[in-house]
Amino acid sequence: MSSPTAPPPHQQYVPDEQRIPEFTFPAVFVGAVLGIIFGASSLYLVLKVGMTVSASVPIAVLSITLFRGLSNLFGVRRATILENNIVQTTGSAGESIAFGVGVTMPALLLLGWEMDVIRVMTVAVLGGLLGILMMIPLRRAFIVKQHGSLPYPEGTACAEVLVAGEKGGATARMVFVGFGVALAHKFLTAATRLWPSEPSEHLYTQAPDGTKSGLKGAEISGELSPELLGVGYLIGPRIACLMMGGALLSYFVIGPLIANFGDQLNVPVPPAVSQVDPETKKDAGLIGNMGPGEIKGNYLRYIGAGAVAAGGIISMCRALPLILSSIVSGMRDLRARREGKSAARTEQDLSMGTVVLGSLGLVAVMAAIPALGLGLSLQGILGAFLVLLFGFLFVTVSSRLTGEVGSSSNPISGMTIATLLLTCVIFYAIGYRITADNPTVTLTVLSIAAVVCIASSNGGTTSQDLKTGFLVGATPRKQQLAILVGALTSALVIGGTMLLLDKAGTHYTNKNLPERKLTVPPDAPTQKVGRPYEDKDDSTYRVVHVRREEADKYPDVKPGRYLVDDQGHIKYKTDTPISQELKTMDNGADAPKGFTAPQPQLFESIIRGILGGTLEWSLFIVGILIAVTMELAGVRALPFAVGMYIPLGATTPIFIGGLLRWITDWIRGASRSDVETETSPGVLLSSGYIAGGTLCGLIIAFFTFLPDNFNRSINLGAGLGANRVDQAELEKNLVNAVNDEERAEIRTSAASGAWLASNDAKIAALLAFGALAALLLIVGVRKNPELEETPPPSPPTPVPDARVKRAQ
């Protein structure tokens, strides 16, 4: 195996001997605040589509603008380039931790565990800090020695933004424009309901006798949101087209085939089960009675899960030589270093003692917390060992892959899938199984995978930040301290945000519940019922999870989360956003929007499939074979598989954004320079779209905690739909109302729903989204004035021989 190539001569923007302000309180504080904001918005985004994008460039741009504005307003000292670098370093941790939390923690509910504050925050903190510590020994191997071979596209772009900020903050204007436009669009869509957020249309018709004609089981839909349009623009046409290809296969080929072949069957086809509606007397488990959503939930999601798992494993196998070379070169580099002897400011890292003792201490803390399913037992000790093993392994590969493709395209999901598969196989091999009496093993393996997922994600982000620092002449040790602070603050807030988003998307039902008495565990938590019964029932109930493994014990009770009285009698079933079953609440109002990220369901399927023997292997294997087929055809399977799995509505705007990126790059003749591409006006506007759309969506999600009168007052769609309501259906729903407040809510919901279902509202949605796309197209074709061939600026403090060395 060849040694890493020697780095080409590189002169950093701030020379090693130069001393300017860097690790200051204002820089760390602003970075922590921006990290919390971007972390919360990234969490909202990952719960919708299962992906995030790097926050480093937007945070760097905002930092430059904010400090320049404060300087102009109050006459204070302008921040140095190294302080702005500390801001983006501190703030970048929020996005990477949000991804790990968002794709793993909701799986707790699917496996029958509470998503409580201790579990979520502990996993977020431990994973975030562990990823940083494990990356530190690899800095010289990846950042310094392979400077000429690992481009780190987003880290290099961020360095260029910081250098450009020394000349002026014009680049920030585009981020703020995108932020404002996206915020306004999102508010008009989700809060005022002037148009539907996801217009859809079936591609078949159904006669009164139930006969269908057209492309059965298919519909065209699109979640026309600014944040998904921005995601598509940033990931580019290649990945966007692969995702759309997967969506076409899943929703327009396999789905219609299932609908056609099963249209005349009079028995459910597993995994669907018989579910007779007491009012219509129709069996929802029959394929002929299923719509596109039901076909996806019962069949397509298992096929997509198999494809995603196979795509992730294939991507990891392809990276195995990279993993081995990274570990070998990193260890060789550590042996060659004279620890603690480097006097150069730009070569100072946190000590190896801090790294080793910190990593072992974090793992020991994890093993000692019973809420994570570990503890001082064989199961706990094995889990702690696997966290160290897989943590270092995948932090290494994540850091290396970030250097090749950037953090936004880093396949963290694939690494998490590999961790979960290997962990489950190891536990299975030593005799662990999921049983009704011992379900703790599911919590253990999920906790291991969650910590490794967050560590891998934050390790890649740390390497990207250190690359930016290497280019601008930062002090590595101060950057490492800054991102440790950012990881800790972001993790604490992201944990609470995750729980608030889950609460905002949850409602309760007492319809069609079995008259069954459940066993109440001694440590079962207590709570009061939420929407739509919070004003009618003030009683306190116990929370009991019925798991799939308890089917023999409770044959007539569906798996899920229930509220029971002290004697165990079922009073309410919880409809959680990660496994939402009902589109309408018991009072007739629309149910809150559920989470659509694919990874939690996939992780649940893997855990139960291996340790419990309940995986839908036939459909899962079909997905695996599709992924293998794509790889044999020379097509990257992972993004294709993601398109098969996530909703078509989410893929559509991402695909449009990717097409716009291709058009704008072609029109302006963009070079393949990562710097020019990643800091173009279109990319900055897209970053603003993502920040504005996700933050506004996050704020609107919390509107559910405000008085109902406020939410009704801003619902402008209800006024437009008042004359379109089906009065007979409205009167039927009003019968169950018990007070004027509930009647007003039902009327508002019915009027708003009638408007959103109309063709006029759908046309308005298309026009509004078209305006977003047109603005992105107009801005995207412009050249970036900051990156024109102009003389480079002088360093912050005059030094006779200092000059800028632009990134290759």
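Bear in mind the structure is a predicted one, so any value in this text is a computation, not a measurement. (Residues numbered from 1 in each chain as written. Predicted model: local features only at pLDDT ≥ 70, side-chain atom pairs only at ≥ 80, totals over all residues. Heavy atoms only, no water.)

1. Some points on the pattern of salt bridges
What counts is decided by this rule: Any Lys or Arg side-chain nitrogen located within 4 Å of an Asp or Glu carboxyl oxygen qualifies as a salt bridge. Each helix is a run of DSSP H or I of at least 4 residues and each strand a run of E of at least 2, with the numbering of both proceeding from the N terminus. Each residue gets one of three labels from its accessible area relative to the maximum for its type: buried under 20%, exposed over 50%, partly exposed in between, using a 1.4 Å probe on protein chains only.
All chains considered together, the criterion is met by 19 salt bridges. Asp556 is the salt-bridge partner of Arg516, the closest N and O atoms lying 3.1 Å from each other. In this pair, Arg516 is assigned in the loop between strand E3 (507-509) and strand E4 (526-528) and Asp556 in the loop between strand E5 (540-546) and strand E6 (560-564), connecting sequence segments 40 residues apart. Judged by its relative accessible area of 25%, Arg516 falls in the partly exposed class. Classification of Asp556 as partly exposed rests on a relative accessible area of 42%. One salt bridge connects Lys558 with Glu581, and the closest N-O pair in it is separated by 3.5 Å. Note that Lys558 is positioned in the loop between E5 and E6 and Glu581 in the loop between strand E7 (570-575) and helix H17 (599-611), a separation of 23 residues in sequence.

2. Concerning the packing of helix H3 (residues 81-104) against H17
Heads up, the condition is: To get an axis, a line is fitted to the C-alpha atoms, and for a helix only the part in contact is used. The angle between two axes follows their N-to-C directions and goes from 0 to 180 degrees. Angles are sorted into four bins: roughly parallel if under 35 degrees, roughly antiparallel if over 145, roughly perpendicular if 65 to 115, and oblique for all others. Pairs of residues are marked as contacts when any of their non-hydrogen atoms sit within 4.5 Å. Residues are sorted three ways: Asp, Glu, Lys and Arg are charged, Ala, Val, Leu, Ile, Met, Phe, Trp, Tyr, Cys and Pro are nonpolar, and all the rest, Gly among them, are polar.
Contact pair H3 / H17: the axes reach a minimum separation of 7 Å and the direction vectors enclose 55°. Taken as axis vectors, H3 and H17 run oblique relative to one another. Every residue of H17 that contacts H3 at Phe99, Gly102, Val103 and Thr104 is listed here: Gln599, Pro600 and Phe603. Here the contact of H3 with H17 is composed, by residue class, of four nonpolar, three polar and no charged.

3. Regarding helix H2 (residues 56-74)
In an α-helix, one turn spans 3.6 residues, which is why side chains three or four residues apart end up on the same side. The following threshold applies: Multiply 1.5 Å by the residue count of a helix minus one, and that product is the helix's expected span.
Between its terminal C-alpha atoms H2 stretches 27 Å, which fits the 27 Å expected from 19 residues at 1.5 Å a residue. Every buried residue of H2 is accounted for by Ser56, Val57, Pro58, Ile59, Ala60, Val61, Leu62, Ser63, Ile64, Phe67, Arg68 and Ser71. Taken from the residues just after H2, Gly75 is the one with a positive phi, measuring 70°.

4. Regarding the nonpolar core
Filter applied, for reference: For this analysis, a nonpolar core means a set of buried residues of the types Ala, Val, Leu, Ile, Met, Phe, Trp, Tyr and Cys, connected via side-chain atoms within 4.5 Å.
Judged by nonpolar contacts, the single largest core of 190 residues is most densely connected at Leu43, Val101, Phe427, Leu602 and Ile607. Setting aside residues up to four positions removed in sequence, Val101 forms contacts with Leu43, Pro106, Val120, Ala124, Ile454, Ile494 and Met498.

5. Regarding the packing of aromatic side chains
What describes a pair of aromatic rings is the distance from one ring centre to the other and the angle between the planes of the rings. Going by this rule: Stacked, edge-to-face and tilted are the three classes for Phe, Tyr and Trp ring pairs, Trp counted by its six-membered ring, which pair at centre distances within 6.5 Å; planes under 30 degrees apart are stacked, over 60 edge-to-face, the rest tilted. Here, a charge over a ring means that NZ of Lys or CZ of Arg falls within 6 Å of the ring centre while also lying within 35 degrees of the ring normal.
Enumeration according to the criterion identifies six aromatic pairs in this entry. Taken together, a centroid distance of 5.7 Å and an interplanar angle of 75° make the contact between Tyr541 and Tyr572 edge-to-face. Of the two residues, Tyr541 sits in strand E5 while Tyr572 sits in strand E7, which places them 31 residues apart along the sequence. In this structure Tyr541 comes out as buried when scored by relative accessible area, which is 8%. With a relative accessible area of 6%, Tyr572 lands in the buried category. A connected cluster of aromatic rings, assembled from ring pairs, spans Tyr533, Tyr541 and Tyr572. Directly above the ring of Tyr645 sits Lys296, whose terminal nitrogen or CZ lies 5.4 Å from the centroid.

6. Details of unusual backbone geometry
The phi torsion of most residues other than glycine is negative, and most of the peptide bonds are trans. Each neighbour pair has its own omega, and for Arg531 with Pro532 the value is 0°, a cis peptide bond. For Pro532, the location among the structural elements is in the loop between E4 and E5. Positioned with a positive phi, Asn512 is a non-glycine residue whose angle comes to about 55°. Looking at the element boundaries, Asn512 is found in the loop between E3 and E4. The class of Asn512 is exposed, set by a relative accessible area of 67%.

7. Things to note about the pairing of E6
How we decide: Strands qualify as paired when DSSP identifies two bridges or more between them.
The buried fraction of E6 amounts to four of the five residues, a majority that puts the element mostly inside the structure. Sheet topology places E5 next to E6; five bridges connect them, and they run antiparallel. Paired with Val544 across the bridge in E6 is Tyr562. Taken together, the four bridges between E6 and E7 define a ladder with antiparallel strand orientation. Of the residues in E7, the one forming a bridge with Arg561 is Thr574. Counting the residues in the hairpin turn of E6 and E7 gives five residues, including Gly568, whose phi is positive at 95°.

8. Quick notes on the pairing of E5
Most of E5 is tucked away: six of the seven residues are buried. Examined bridge by bridge, E4 and E5 share three bridges and lie antiparallel to one another. The residue bridging Lys528 from the neighbouring strand is Thr540, located in E5.

9. What to know about the environment of Leu183
By the secondary structure assignment, Leu183 is in helix H8 (residues 170-191). When the C-alpha positions of Leu183 and Gly688 are compared, they lie 9.2 Å apart, and in sequence the two are 505 residues distant.

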